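# Understanding the architecture of this molecule
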Amino acid sequence: MTTVLEKIARQLVARTSFPAVATGRAEDAIVDTIGCMIAGMNDAAPRSVSAAFRDEIKQDGTSLVFTGGRASRSIAALINGTAAHCLDFDDNFHPARAHASAVLVPALLSVATSSNEFSGIMLVRAYLAGLEAQASVGFGVIPSHYNRGWHGTSTIGCIGAAAGVSVLLGLNEAEVANAMSLATSMASGLKGQFGTGAKPFHAGIAARNAVEAALLAQSGFSGRLDILERPQGFLDLFGGEQATGWADFSWDEKHIIETRGLVTKLHPCCASTHRAIDAALDLQNEHGFSIEDIERIDTKVGRSAVDNLAYPDPSDEMQARFSMQYCLAVALSNGGLSLRDFTPQAATRPELRVHMAKINMTSYSAEEERGVERLPHKVSISLKDGRRLSIERLHANGAIMVPLTDNQKRAKIMDCLRWAGLQDLELSYTNLKSIFSETSVNAATNVILARQSNL
């Protein structure tokens, strides 16, 4: 009997051509993630990881490291994955409840920058394979797996990224399936770490594990191919009480990036805040009130969102990214959020505390959420003049239902490049986009990072 992993591997190897909408969205996601990696290169989390492995980073190492130098494929993926996720500005992928690209792109780049044989076209195809693999694994365990407390970025993300790296390496069906099997034994990451540097480290761990699983499979190493569905396998141990498994799973003719897409973040903070932020800003734009005019704000969100947003009174910038009170107060004070709102100084501004105290958060009940993939987040704002304004949001800005404009995408990348200290933003942006037109990803990425080293 064909196992789930074998079916996934067959699908990934067989799907070799993609329509322009799929490749365009993949290219956007890769550029967006590299922008986040560049912005995050000076953050404490990737700098600490880089310092821990300083003896393995050299100028003539195998793969590019965004914090400087080159290292083995494993160490490069570990550091770059941490950099991609440390600012929480990277995209979300609902079918896996994961920051899909923060794992996939660093893992793929660690291989693609190890020699000049990997082209932009190969990178895009491998990215699409890895994303489809994440969705396929997620189908059997999401949302139960995530609600149980597993960080899908580092569990499902690791397994799917292993498939993407395998496709980039040109592995066959059996090897792709074995890479995913091995990655299943490496899957780890607890949502209890949210609000600490361990959370972005999860993306780095997953990227590193994905690379190593693919390399092990390439060398002939193998694991059980029924490890997703068998007793004491992934579903059994990681699935949660309501996980459905893969009995009803099938692939659409269109790629998952066409039908579900990614959510490109407009705000550099936990996605659990985004629908409430967008909803509140919609009300503010429509009715013209200021935060000083507000008496009380009530938000109703999903249960997992409440679990994620565990810091009503954050003490640093990492906790602030996981605080509904902080993020919503800043957004309504400034008309939005930017990277400069998440520094140690910004996160502890005393003038915000009076407004944060106005914000309350409750969740749907387990019964309300049962059998429903997605419920809207609701915001009610009571103004001092007696008006009560209410709104709800099913999708955040950046989802394919509410896509960012080209100008918004570009402005975000420019913000990332500016945050990293780059001077000639236009040239840096052009270099970043050229990664898909060059015959060598390594050569194109070298140009991008050479500009950073000259700062």
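Let us look at the structure shown here.

Reading guide: rules and limits
Residues numbered from 1 in each chain as written. Predicted model: local features only at pLDDT ≥ 70, side-chain atom pairs only at ≥ 80, totals over all residues. Heavy atoms only, no water. Phe/Tyr/Trp six-rings, centres within 6.5 Å; stacked < 30°, edge-to-face > 60°. Helix = DSSP H or I, 4+ residues; strand = E, 2+ residues; numbered from the N terminus. Buried < 20%, exposed > 50% of the residue type's maximum accessible area, 1.4 Å probe, protein only. Lys NZ or Arg CZ within 6 Å of the ring centre and 35° of its normal. Expected span 1.5 Å × (residues − 1). Salt bridge = Lys/Arg side-chain N within 4 Å of Asp/Glu carboxyl O.

### Section: the packing of aromatic side chains
With the rule as written, the count across this model stands at six aromatic pairs. Look at Phe-194 and Phe-322: their rings are 5.5 Å apart centre to centre, the planes differ by 40 degrees, and that puts the pair in the tilted class. Of this pair, Phe-194 sits in the loop between helix H9 (173-186) and helix H10 (198-218) while Phe-322 sits in the loop between helix H15 (317-320) and helix H16 (324-334), placing them 128 residues apart in sequence. Of the two residues examined, Phe-194 and Phe-322, each falls in the buried class. A cation over an aromatic ring shows up here: Lys-191 above the ring of Tyr-146, its NZ or CZ 3.7 Å from the ring centre. When the ring centre of Phe-89 is taken as origin, the NZ or CZ atom of Lys-412, which lies over that ring, is 4.3 Å away.

### Some words on H10
Taking 1.5 Å of rise per residue, the 21 residues of H10 would be expected to cover 30 Å, and the 30 Å separating its terminal C-alpha atoms lies within 8% of that figure. Most of H10 sits inside the fold, with 15 of its 21 residues counted as buried. Phi for Gly-220, located one or two positions after H10, is positive at around 105 degrees.

### With respect to the pattern of salt bridges
As enumerated under the stated definition, the model contains 18 salt bridges in all. Ionic pairing is found between Asp-226 and Arg-230, a salt bridge with its closest N-O pair at 3.3 Å. For Arg-230, a relative accessible area of 24% gives the class partly exposed. Here Asp-406 makes a salt bridge to Lys-409, at a shortest N to O gap of 4.0 Å. Here Asp-406 and its partner Lys-409 are both found in helix H20 (residues 406-419), three residues apart, which amounts to about one turn of the helix. Given the relative accessible area of 61%, Asp-406 is considered exposed. Judged by its relative accessible area of 28%, Lys-409 falls in the partly exposed class.

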